[in-house]
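Fold and contact review
Listed below, chain by chain, are the residues.
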Amino acid sequence: MDDNKDKKEEEEVREEQPVESASEKEENIGNENVESEKATEEAPEVAAEEETTEEQQEPDPLDVALAEIENWKDKYLRSVAEFDNYRKRTIKEKAELILNGSEKAVVAILPVLDDMERALANADKTADADALKEGMDLIHKKFLKILEGLGVKPIDTTDQDFNVDYHDAIALVPGMGDDKKGKVIDCTETGYMLNDKVIRHAKVAVGQ
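What this report covers is the structure whose coordinates are included nearby. The structure presented is a predicted model; accordingly, all values stated were derived computationally and were not measured.

**Section: the overall build of the protein chain**
Looking only at helices and strands, the protein chain has 5 helices and 6 strands in total. Helices and strands in the protein chain line up, N terminus first, as α-α-α-α-α-β-β-β-β-β-β. For the protein chain, the residues scored as buried account for 9% of the 208 residues in total. Across the protein chain, every contact between residues at least 6 apart in sequence was considered, and the portion connecting residues at least 24 apart equals 61%.

In structure tokens:
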């Protein structure tokens, strides 16, 4: 009895559920196909939009080249300006060197000038010639030492062979013997060198 009652209730539930007609089935299938086609059509559009976005993100080669040109132009103009400033500064320094190049030498010999002025001021106060001579000798040695510090040194002529690079012959002395021939006999004016350059030739008499 119970089994029959359960079967009856199941049949009633089935009868109450709506039955889908064949036309409704076809309509649903058609709708599914349309949606599938729409999805298929939209897929390339989405892909195209993604490609366009990627293309927009990549920099334009022309813009990159123009930016690089501007960068090099800026560097070039800066270099030109720096070189022009360097050239002007160099010209100014050379002009100052020409005008004041002797400053170091002048400052170095000023103490000698002071000693000479003191010696002249005291010359009238003493009649001792030996004291005056000794004072002048000290000043002379001091002056030579200062010149040596500046790179100036006298040209040695004692028992030297005559050399046109260092000597200027102002007289020929005959009868001095074969051992004195072509040698410096006397120096009438001392020559000087600045480092390795002759700045004044020594004036000498040469044995003939």
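**Considering the sheet that holds strand S4 (residues 192-194)**
Pairing within the open sheet is antiparallel, and its 3 strands lie in the order S1-S4-S5. The open sheet has two edge strands, strand S1 (152-154) and strand S5 (197-200), and neither has a second partner. Recorded for the sheet is a direction-independent mean angle of 35° between the axes of neighbouring strands. In this sheet, S5 lies alongside S4 in antiparallel orientation, the contact comprising 3 bridges. Directly across from Leu194, in S5, lies its bridge partner Lys197.

**Points about a nonpolar patch on the surface**
A contiguous nonpolar surface patch, about 310 Å² in accessible area, is contributed by Val106, Val107, Leu110 and Leu113. Inspection of the secondary structure assignment puts Val106 in helix H4 (residues 103-123). A relative accessible area of 38% means that Val106 is categorised as partly exposed.

**Examining unusual backbone geometry**
A positive phi angle, near 55°, is found at Asp159, a position not held by glycine. For Asp159, a relative accessible area of 54% puts it in the exposed group.

**A short note on the layout of surface pockets**
The method is simple in principle: a probe with the dimensions of a water molecule rolls over the atoms, and the space it marks as empty is what remains. Approximately 180 Å³ is the volume attributed to the largest pocket. For the lining of the largest pocket, the secondary-structure elements that each account for two or more residues are H4 and helix H5 (129-149). Of all the elements, H4 adds the most residues to the lining of the largest pocket, at 6 residues. Residue composition of the lining of the largest pocket, grouped by class: 7 nonpolar, 3 polar and 2 charged.

Parameters and conventions
- Residues numbered from 1 in each chain as written.
- Predicted model: local features only at pLDDT ≥ 70, side-chain atom pairs only at ≥ 80, totals over all residues.
- Heavy atoms only, no water.
- Helix = DSSP H or I, 4+ residues; strand = E, 2+ residues; numbered from the N terminus.
- Buried < 20%, exposed > 50% of the residue type's maximum accessible area, 1.4 Å probe, protein only.
- Contact = heavy atoms within 4.5 Å.
- Pairing = 2+ DSSP bridges.
- Axes fitted to C-alpha atoms, helices over the stretch in contact; angles between N-to-C directions.
- Patch = residues over 30% accessible without salt bridge, like charges linked within 9 Å, V, L, I, M, F, W, Y side chains within 5 Å.
- Areas by Shrake-Rupley, 256 points an atom, 1.4 Å probe, with all protein chains shown as cover.
- Salt bridge = Lys/Arg side-chain N within 4 Å of Asp/Glu carboxyl O.
- 1 Å grid on protein atoms, 1.4 Å probe; cavity = no way out; pocket = protein on both sides within 12 Å on 5 of 7 lines; lining within 4 Å.
- Points joined across faces, edges and corners; volume = space filled by probe spheres on them.
- Nonpolar A, V, L, I, M, F, W, Y, C, P; charged D, E, K, R; others polar.

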